Structure formats: structure tokens, C-alpha cells
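# Results of the structural survey
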Amino acid sequence: MVTIRPYQLNDLEDTVHLWYRTWHQTFPDIQHPQPYFTWKVRFRDDLAARGDVWLAEVENQIVGFLVVIKEEHRI
């Protein structure tokens, strides 16, 4: 069963790890120029700061997330 819940500050590491890992699995032949730390800072200081973040969990593990930035009409 999938549970949807709001993001909390203590979810940062698991959320960014999922984002980073799945991006690199999706594009295995592309070396992203930014290191993991930069992704983490961007998520924390940009995406999570400006948007509403929702997490999808299965058995207490984050399996997906959605960022909604209402002011920009962006998902």
C-alpha cells in the first residue's frame, strides 16, 4: 500500500538520495556535472523552500516525491 504524506525536514537525505539515484539510473550514459551535495542544497534551499513537497512511501520507505510550486504553476 502506498502512503502519501507531507515532506518533513528529516526526510531530506532519503528524498535527495532517491532523486539522485533514480536520475542516474534513468540516464546511465550521462555524467551529471553537479555532485550529490549540490543536489541536496538545491532541494533544501530551492525546491522544498519554495514549494509544497509530498512523499510517497511503501513500508516506510520513500519511493517517490512531488514538488508543487503554486506561484509558478509548476509540478
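I will try to describe carefully the structure that is included in this document. (Residues numbered from 1 in each chain as written. Predicted model: local features only at pLDDT ≥ 70, side-chain atom pairs only at ≥ 80, totals over all residues. Heavy atoms only, no water.)

### Quick look at the nonpolar core
By size, the foremost hydrophobic cluster in this structure holds 13 residues, and its most contacted members are Tyr7, Phe43, Leu47, Val53 and Val67. Top element by residues in this core is helix 1 (residues 12-26). It accounts for four residues. In this view, Phe43 contacts Tyr7, Leu12, Thr15, Val16, Trp19, Ala48, Ala49, Val53, Phe65 and Val67; residues no more than four positions away in its chain are not counted. (Core = buried A, V, L, I, M, F, W, Y, C linked by side-chain atoms within 4.5 Å. Buried < 20%, exposed > 50% of the residue type's maximum accessible area, 1.4 Å probe, protein only. Helix = DSSP H or I, 4+ residues; strand = E, 2+ residues; numbered from the N terminus. Contact = heavy atoms within 4.5 Å.)

### Side note on the layout of surface pockets
Volume-wise, the largest pocket comes out at about 160 Å³. Contributing to the lining of the largest pocket are Trp19, Arg42, Leu47, Phe65, Val67, Ile69, Arg74 and Ile75. Those elements that place two or more of their residues in the lining of the largest pocket are helix 2 (36-50) and strand 3 (61-68). Of the residues belonging to the lining of the largest pocket, the class tally is six nonpolar, no polar and two charged. (1 Å grid on protein atoms, 1.4 Å probe; cavity = no way out; pocket = protein on both sides within 12 Å on 5 of 7 lines; lining within 4 Å. Points joined across faces, edges and corners; volume = space filled by probe spheres on them. Nonpolar A, V, L, I, M, F, W, Y, C, P; charged D, E, K, R; others polar.)

### Quick notes on the pairing of strand 2 (residues 52-58)
Each regular strand displays side chains that alternate between the two surfaces of the sheet. With five bridges connecting them, strand 1 (residues 2-6) and strand 2 associate as antiparallel partners. Looking at strand 2, one finds that Pro6 is bridged to Trp54. Two elements, strand 2 and strand 3, share seven bridges in a ladder whose sense is antiparallel. For Ala56, the partnering residue across the bridge sits in strand 3 and is Gly64. Between the antiparallel neighbours strand 2 and strand 3 lie two residues, among them Glu59 with a positive phi of about 50 degrees. (Pairing = 2+ DSSP bridges.)

### Description of the pattern of salt bridges
Counted according to the given criterion, the structure contains nine salt bridges. Between Glu72 and Arg50 there is a salt bridge; the shortest N-O distance is 2.2 Å. With Glu72 in the segment after strand 3 and Arg50 in helix 2, the pair connects residues that are 22 residues apart, well separated along the chain. Its relative accessible area of 35% is what places Glu72 among the partly exposed residues. Under the relative-accessibility criterion, Arg50 is labelled partly exposed at 35%. Of the charged contacts in the structure, one is a salt bridge between Glu72 and Arg74, with a shortest N-O distance of 2.9 Å. Where salt bridges share partners, they join Arg42, Asp46, Arg50, Glu72 and Arg74 into one cluster. (Salt bridge = Lys/Arg side-chain N within 4 Å of Asp/Glu carboxyl O.)

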